[in-house]
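# Structural overview for review
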Amino acid sequence: MSTLAEPRGPGVAARGSMTPIPHRVVDVVHETRETVTLTLEPVSDGIVAPVAGQFTMLWAWGAGEVPISVSALAADGRLVHTIRDVAGVTKTLCASRQGDVLGVRGPYGCGWGIDAARGHDLVIVAGGIGLAPLRPVVHAVLAERSEFGRVSLVVGARTEQELLFRAELDEWWHRHEVDVRTIVDRSSPGWSGSVGVVTGELVGLEIDPASTRAMVCGPEVMMRVVAQHLTDRGVAASAIEVSVERNMQCAVKTCGHCQVGPFFACTDGPVLPWDVVASLLTVREL
Amino acid sequence: MVVTTMAEELAAHRFFRTIPSDLRERLAGCARNVVFAPGERICVEGTHASGFFAIRTGRVNVGIYVPHQGLQVLETRHAGDVLGFSWLFPPYRWQIDAVAGERVRAIELHADCLLPYLEEHPAGGYLLVRMFAQEMEETIQSTRLRLLDVYGRDRVHAR
């Protein structure tokens with residue numbers, strides 16, 4: 001059984017770092033109808049460079065602050081965040097234009113166990129916007145491909161039009177270094193891929209349970225179903241990591257909004273081993 | 001060249017892996033290998049359901065034809081899946097259309113051969129029906145999850 005006392009990633013930013021640091025929007029990419037990728041550059045001093053799986057608190061002046069995962073690791077202090085417009089603060093963030101200034105706190109939380117996955121097969125499963133926090137993992141794998149065994153990426157989305165990073169998915173697929181599979185809930189004219197839930201694509205994957213590690217990010221129901229499928233096939237629960245999403249407000253384990261039983265998603269997570277968190281995710285209203 | 005028997009091919013398929021070898025041998029007697037080209041129709045709604053398919057490789061799009069809109073794909077069946085439940089129940093008519101999404105290799109099992117045997121051998125019949133019931137449960141659960149629209153905007157956060 002995993003324990004959270006083990007070092008699992010970079011630590012939380014200092015508790016005193018509650019002041020948003022101004023960053024300027026230098027690039028805006030509209031990924032889908034309601035999803036935008038922003039590249040931010042510090043106006044003066046930046047924040048500590050994040051690692052894959054961590055998040056920052058993004059502050060839109062006059063609107064508020066929300067936790068957003070990093071969707072790529074950029075150089076020179078730049079930050080890349082992919083944000084879905086689910087109203088409120090995210091609507092304001094998604095409407096950002098080049099030159100706008102946003103506040104940034106962080107980075108916070110524990111990242112994906114990329115080092116632990118070296119020498120293993122890796123199954124990456126992303127649903128919807130859940131591909132954003134996992135994209136840096138794929139980048140890291142492709143940068144050091146020989147360090148990993150068989151690597152599979154299964155991406156689920158509501159429709160073809162809502163698949164994130166479409167061009168990049170095509171590029172990864174054509175490189176043949178990662179087994180890329182996509183599946184949508186609903187087909188649309190011209191869609192030649194699979195239709196169904198992500199586990200439909202997992203069925204066809206060859207999995208060696210003893211040497212497989214998995215990273216899963218998406219809606220909680222989806223993560224539960226995927227983790228169940230993988231453990232049914234013999235993958236150890238401790239070898240499966242999920243990214244838990246909760247209502248994070250302070251991001252420094254103080255306000256208690258993101259508490260999941262004995263854990264805080266903001267500092268113990270958001271990436272948590274399945275054996276630690278599985279029983280908690282079936283507790284209603286937790 | 002390695003020659004495999006139909007029973008061995010069934011044993012290599014996920015669906016049949018756990019059944020007793022004597023039943024598998026019997027099923028092999030009702031089976032044949034089939035290949036479908038991309039876009040080829042595998043079954044047609046309303047026509048006689050003469051059996052089912054165990055998909056070995058490739059992908060099958062399952063759906064319903066809508067006038068002037070073509071096949072509306074509702075789910076995809078993959079290698080390791082079985083295709084077709086209608087052969088088990090009267091009126092033995094396909095309820096769905098299925099088209100090969102890519103080149104598909106499958107094992108076709110014939111109802112005319114299978115059903116009389118299963119009626120006479122209830123233990124084997126019960127086992128096979130249980131296996132199909134499990135497939136149906138998984139299909140229903142998959143449908144439920146999609147009805148939940150887990151990727152929908154009201155149920156997920158912005159990340």
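Residues numbered from 1 in each chain as written. Chains lettered and ligands numbered in written order. Predicted model: local features only at pLDDT ≥ 70, side-chain atom pairs only at ≥ 80, totals over all residues. Heavy atoms only, no water.

Of the regular secondary structure elements, chain B holds four helices and eight strands. Moving toward the C terminus, one meets the helices and strands of chain B in the order α-α-β-β-β-β-β-β-β-β-α-α. Its C-alpha atoms give chain B principal-axis dimensions of about 55 × 40 × 30 Å. Counting across all 159 residues of chain B, residues that qualify as buried make up 48%. By sequence separation, contacts in chain B at least 24 residues apart represent 73% of the contacts at least 6 residues apart. For chain B, the accessible surface area stands at approximately 8,500 Å², while carbon and sulfur atoms represent 54% of it. (Helix = DSSP H or I, 4+ residues; strand = E, 2+ residues; numbered from the N terminus. Buried < 20%, exposed > 50% of the residue type's maximum accessible area, 1.4 Å probe, protein only. Contact = heavy atoms within 4.5 Å. Areas by Shrake-Rupley, 256 points an atom, 1.4 Å probe, with all protein chains shown as cover.)

The subject of this paragraph is the packing of aromatic side chains. What describes a pair of aromatic rings is the distance from one ring centre to the other and the angle between the planes of the rings. This structure, assessed with the given rule, holds 10 aromatic pairs over all chains. Ring geometry for Phe36(B) versus Phe53(B): centroids 5.7 Å apart, planes at 75 degrees, classification edge-to-face. With a gap of 17 residues between them, Phe36(B) in strand E1 (residues 31–36) and Phe53(B) in strand E3 (residues 51–57) connect regions that are remote in the sequence. Cluster of aromatic residues (ring-pair linked, three or more members): Phe15(B), Phe16(B), Phe52(B), Phe85(B), Trp87(B) and Phe132(B). Just above the ring of Phe165(A) sits the side chain of Arg135(A); from NZ or CZ to the centre is 4.0 Å. (Phe/Tyr/Trp six-rings, centres within 6.5 Å; stacked < 30°, edge-to-face > 60°. Lys NZ or Arg CZ within 6 Å of the ring centre and 35° of its normal.)

Moving on to the nonpolar core. Grouped together as the largest cluster of nonpolar side chains are 36 residues, with contacts concentrated most on Trp112(A), Val137(A) and Leu153(A). When residues of this core are traced back to their parent elements, those giving at least two are helix H2 (114–117), strand E7 (121–127), helix H3 (131–143), strand E8 (151–157), helix H4 (166–175), strand E9 (179–184) and strand E11 (212–217) of chain A together with strand E5 (70–77) of chain B. Among the elements that make up this core, the one with the highest residue count is H3(A) (seven residues). Once you skip the residues sitting within four places of it in the chain, Trp112(A) turns out to touch Ala52(A), Gly53(A), Pro133(A), Leu134(A), Val137(A), Met215(A), Val216(A), Cys217(A), Glu241(A), Val242(A), Ser243(A) and Val271(A). (Core = buried A, V, L, I, M, F, W, Y, C linked by side-chain atoms within 4.5 Å.)

This part is about the pattern of salt bridges. Inspection of the entire model under this criterion finds 27 salt bridges over all chains. Asp268(A) is the salt-bridge partner of Lys253(A), the closest N and O atoms lying 3.8 Å from each other. Taken together, the residues span a long stretch of sequence, with Lys253(A) in the loop between strand E12 (240–243) and strand E13 (259–260) and Asp268(A) in the loop between strand E14 (263–264) and strand E15 (271–273) at a distance of 15 residues. Overall, the relative accessible area of 36% leaves Lys253(A) in the partly exposed class. Its salt-bridge partner being Asp81(B), residue Arg14(B) comes within 3.7 Å of it at the nearest N-O pair. Within this pair, whereas Arg14(B) is found in the loop between helix H1 (6–12) and helix H2 (21–28), its partner Asp81(B) is found in the loop between E5 and strand E6 (82–83), the two being separated by 67 residues in sequence. Residue classification places Arg14(B) among the partly exposed residues on the basis of a relative accessible area of 32%. Taken together, the shared-partner salt bridges connect Arg14(B), Glu75(B), Arg77(B), Asp81(B) and Glu135(B) into one network. (Salt bridge = Lys/Arg side-chain N within 4 Å of Asp/Glu carboxyl O.)

With that out of the way, let us pick up the interface of chain A and chain B. Contact with chain A, which involves 41 residues of that partner, is made by 23 residues of chain B. Three residues, Asp185(A), Val195(A) and Glu245(A), lead the burial of chain A against chain B; their summed loss comes to 21% of the area buried on that side. Linking chain A with chain B are one salt bridge. Residues Arg158(A) and Asp149(B) are paired through a salt bridge, measuring 2.6 Å at the closest nitrogen-oxygen approach. Between the two partners, chain A and chain B, sit nine residue pairs in polar contact (both at pLDDT 80 or more). (Buried area = accessible area lost by both parts, 1.4 Å probe. Polar contact = N/O pair within 3.5 Å; in protein donor to acceptor, adjacent residues only side chain to side chain.)

Turning next to helix H4 (residues 122–148) of chain B. The end-to-end C-alpha distance of H4(B), which contains 27 residues, comes to 38 Å, matching closely the 39 Å that a straight helix rising 1.5 Å per residue would cover. Those residues of H4(B) not exposed but buried are Gly124(B), Gly125(B), Leu128(B), Met131(B), Phe132(B), Glu135(B), Thr139(B), Ser142(B), Leu145(B) and Arg146(B). (Expected span 1.5 Å × (residues − 1).)

All names here are of chain B. In this fold, Trp94 is placed in the loop between E6 and strand E7 (97–100). You can call Trp94 buried: its relative accessible area is 5%. Considered as a pair, Trp94 and Glu45 are 49 residues apart in the sequence and their alpha carbons are 4.8 Å apart. At 3.4 Å, the side chain of Trp94 and the backbone oxygen of His48 are in polar contact.

This paragraph deals with the confidence of the model for chain A. When pLDDT is low, close inspection of the predicted coordinates is not appropriate. When pLDDT is averaged across chain A, the result is 89; 94% of the residues are at 70 or more. Here residues 5–16 of chain A scores under 50 on pLDDT; set against residues more than four positions off or in separate chains, the count is 25 contacts. (pLDDT = per-residue confidence, 0-100.)

It is worth spelling out the sheet that holds strand E4 (residues 64–73) of chain A at this point. All names here are of chain A. Spatial strand order, E1-E2-E5-E4-E3-E6: six strands in a closed barrel with antiparallel pairing. Each adjacent strand pair in this sheet contributes to an overall mean axis angle of 45 degrees, direction not counted. Against the sheet, H3 contacts strand E2 (35–42), E4 and strand E5 (79–84), and its axis sits at roughly 20 degrees relative to E4. (Pairing = 2+ DSSP bridges. Axes fitted to C-alpha atoms, helices over the stretch in contact; angles between N-to-C directions.)

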